[in-house]
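Close look at the chain arrangement
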Amino acid sequence: LIQVKLQVVNGSEIYKNEMLKYPVLLGDHAWIVIEKFLQELPGYESIFILTDHHTRDLCLPVLFRKAPFLRERPVYSIPPGESSKELRIVEGLLMWLINSGAMKNSLLVNLGGGVVSDIGGFAAATLKRGISYVNIPTSLIGQADAAIGGKTGVNISGIKNQVGVFYDPLAVFILPEFLVTLPERHVMSGNAEIIKSAVLAGGTNWEILKKANLRERSTLPGLIKNTVDFKCSVVARDPLENHERKMLNFGHTIGHALESFSNENGKEGLLHGEAVAAGMICEAFISTETCGLPANVTDEITRIILDNSRLEKLDAGFIDYFHVLMDHDKKMTPAGVGFSLIENPGMPCLEKIVSRKTIRDSFLFYNKTM
Ligand SMILES: NC(=O)c1ccc[n+]([C@@H]2O[C@H](COP(=O)([O-])OP(=O)(O)OC[C@H]3O[C@@H](n4cnc5c(N)ncnc54)[C@H](O)[C@@H]3O)[C@@H](O)[C@H]2O)c1
């Protein structure tokens, strides 16, 4: 069921999803609404902009050209990449905001990928017990996933998203034209969240994905739209991840452990989407063992992921070490980690406790596909 509505503003097409408490606007013409939305916000004394160094150089000039009223606003830029998702970076941002005169009624504009929206959202949630923010995602992961749903936070000691809060933006503006400068490796990393969403949505989204050529960039806006639509529908029904939203963690239990392991001690390891792609192959195998996902569907999911991701064999060190990392997983219960699996595309199988042997077998399955 497509919930994204097409609106025509000044003759330009913009999609608007209104399922959440805040609007999610999508389309290269969304510029028109950004300006109008921000200028009509009541009582905003000051607007600040957060970027990373890449989006400062490549995306900020585009933002200034299209939304000139933002040109005079102060900009804070953080080093790019996962290593910036740390409390010390949030502290630096908070100090800058305070020293620049941010007030309770200030607004933060997060212009960047998932790291910028996770960090900026977290800083906005905590500054003066909460200031407002909007997300303008510029990476594929940001546009298809991270900017929506109000999850914000940082890693602690390299362990993913250990500290964070749910804190909604005032709006999300998704402009696929930003993806023009996104390096290919990051586009491929973003494919993982698009594939995950189609598997979880099932039905038409899954059929469309199976036929899509993800390497053709012109297919991305349509796939982003379906992915956003699905995420909004899930988050609307379960904003705080008490039940249904847990499905969005498919591939992430192993994916997060793998991401933390590969980036340990400041190593330049796997990107988030690469780790999730590998995690989904393992968790599709586990779904077959545990939830009855037909083996031919596991093979189909695996093939689509392999065709559209940059993956390597699992490091032997990870296979031995993953249990320690998983003990820190947020989904941990006294009985073990609750996996978010699938029975079939469109049919989640949640909170499954999986034996260590099955997890280990899934790594062997993954390595055999390489
Ligand atoms: N909060 C959520 O719901 C949620 C969901 C999914 C992922 N995440 C988080 O998001 C992060 C991954 O997101 P990501 O892949 O966007 O990471 P990222 O923010 O590090 O961006 C990836 C890289 O692309 C660059 N970049 C971004 N936009 C660009 C553009 N238009 N042109 C050129 N370069 C550009 C960035 O500078 C960075 O180097 C992870 O930390 C993950 O945990 C959060």
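Refer to the structure printed above.
To start, this report covers the structure provided alongside it. Only a predicted model underlies this, so the values are computations on that prediction, with no experimental measurement involved.

**So, helix H5 (residues 114-126)**
- For H5, spanning 13 residues, the distance from its first C-alpha to its last is 18 Å, which sits close to the expected 18 Å at 1.5 Å a residue.
- All buried positions along H5 are accounted for by Gly114, Val115, Val116, Ser117, Asp118, Ile119, Gly120, Gly121, Phe122, Ala123, Ala124 and Ala125.
- One or two steps after H5, the chain reaches Lys128, where phi turns positive at roughly 50 degrees.

**Notes on the nonpolar core**
- Counting 68 residues, the largest nonpolar core has Val24, Ile148, Ile194, Leu209, Ile224, Phe318 and Phe363 as its most contacted members.
- Per element, the largest residue contribution to this core is eleven residues, and it comes from helix H11 (residues 272-291).
- Of all hydrophobic cores here, the second largest spans 27 residues; its members include Ala30, Ile47, Val109 and Ala171.

**Quick word on unusual backbone geometry**
- Positive phi, close to 50 degrees, is recorded for Lys128, a residue that is not glycine.
- Here Lys128 is to be found in the loop between H5 and strand S7 (132-137).
- Of note in this structure, Asn161 is not a glycine but carries a positive phi near 50 degrees.
- On the secondary structure map, Asn161 appears in strand S9 (residues 159-166).

**Comments concerning helix H8 (residues 203-211)**
- Taken together, the buried positions of H8 are occupied by Asn205, Trp206 and Leu209. On an axial view of H8, the arc spanned by its buried residues comes to 95 degrees, and they lie on one face. The exposed set on the far side of H8, more than 90 degrees from its buried face, consists of Gly203, Thr204 and Lys211.
- Tucked into the core, H8 has its buried residues touching helix H7 (184-201), helix H9 (220-237) and helix H12 (295-307).

**Details of the site of the ligand**
- Residues in contact with the ligand amount to 28 residues; listed here are only the nearest, Asp52, Glu82, Ser139, Lys160 and Thr181.
- Between the ligand and His54, the relevant distance is 2.9 Å, taken from an oxygen atom to a side-chain nitrogen or oxygen of the residue.
- Contacts to the ligand include Glu82, whose side-chain N or O atom sits 2.6 Å from an oxygen atom.
- When the ligand is considered free in solution it has 860 Å² of accessible area, and contact with the protein chains removes 94% of it.
- Looking at the shell around the ligand, the elements with two or more residues in it are helix H2 (53-58), H5, helix H6 (140-146) and H7.
- Partitioned by chemical class, the residues of the shell around the ligand number nine nonpolar, ten polar and nine charged.

**Considering the pattern of salt bridges**
- For the structure on display, the rule yields 21 salt bridges.
- Here Lys16 ties to Glu18 by a salt bridge, and the two come within 3.4 Å at their closest N and O atoms.
- On the basis of relative accessibility, which here comes to 46%, the residue Glu18 falls in the partly exposed class.
- Each of Asp145, Glu193, Lys196 and Lys231 takes part in salt bridges that share partners, so that together they form one network.

**Observations regarding the side chain of Glu274**
- Along the chain, the position of Glu274 falls in helix H11.
- Owing to a relative accessible area of 2%, Glu274 belongs among the buried residues under this scheme.
- There is a polar contact of 2.7 Å between the side chain of Glu274 and the side chain of Arg185.
- Residues in contact with Glu274, not counting those within four places in the same chain, are Arg185, Ser189, Arg310 and Leu311.

**Quick notes on the packing of aromatic side chains**
- Following the criterion strictly, the structure yields eight aromatic pairs and no others.
- Aromatic pair Phe48 and Trp96: ring centres 5.6 Å apart, planes at 85 degrees, arrangement edge-to-face. Of the two residues, Phe48 sits in strand S4 (residues 46-52) while Trp96 sits in helix H4 (residues 87-99), which places them 48 residues apart along the sequence.
- A residue is classified by how much of its surface remains accessible, and Phe48, at 3% relative accessible area, is buried.
- Centre to centre, the rings of Tyr133 and Tyr167 are 5.9 Å apart; their planes meet at 15 degrees, and the pair counts as stacked. One end of the pair, Tyr133, is in strand S7; the other, Tyr167, is in the loop between S9 and strand S10 (171-174), and 34 residues separate them in sequence.
- With relative accessibility at 23%, the residue Tyr167 sits in the partly exposed group.
- Grouping aromatic residues by their ring pairs yields a cluster made of Phe48, Tyr76 and Trp96.
- Note that Lys225 overlies the ring of Tyr15, its terminal NZ or CZ placed 4.4 Å from the centroid.
- Over the aromatic face of Phe261 sits the side chain of Lys267, whose NZ or CZ is 5.2 Å from the ring centroid.

**Quick notes on the environment of His252**
- Tracing the chain through its elements places His252 in helix H10 (residues 252-262).
- Between the C-alpha atom of His252 and that of Ala278, which follows or precedes it by 26 residues, the distance is 9.3 Å.
- What His252 contacts, discounting residues up to four positions off in sequence, is Glu193, Lys196, His272, Val276 and Glu283.
- Looking at His252, its side chain comes within polar contact range of the side chain of Glu193, at 3.3 Å.
- Within the structure, the side chain of His252 is placed 3.1 Å from the backbone oxygen of Phe250, a separation counted as a polar contact.

What counts and what doesn't
- Residues numbered from 1 in each chain as written.
- Predicted model: local features only at pLDDT ≥ 70, side-chain atom pairs only at ≥ 80, totals over all residues.
- Heavy atoms only, no water.
- Helix = DSSP H or I, 4+ residues; strand = E, 2+ residues; numbered from the N terminus.
- Expected span 1.5 Å × (residues − 1).
- Buried < 20%, exposed > 50% of the residue type's maximum accessible area, 1.4 Å probe, protein only.
- Core = buried A, V, L, I, M, F, W, Y, C linked by side-chain atoms within 4.5 Å.
- Arc of directions from axis to C-beta.
- Contact = heavy atoms within 4.5 Å.
- Near = heavy atom within 4 Å.
- Polar contact = N/O pair within 3.5 Å; in protein donor to acceptor, adjacent residues only side chain to side chain.
- Areas by Shrake-Rupley, 256 points an atom, 1.4 Å probe, with all protein chains shown as cover.
- Nonpolar A, V, L, I, M, F, W, Y, C, P; charged D, E, K, R; others polar.
- Salt bridge = Lys/Arg side-chain N within 4 Å of Asp/Glu carboxyl O.
- Phe/Tyr/Trp six-rings, centres within 6.5 Å; stacked < 30°, edge-to-face > 60°.
- Lys NZ or Arg CZ within 6 Å of the ring centre and 35° of its normal.

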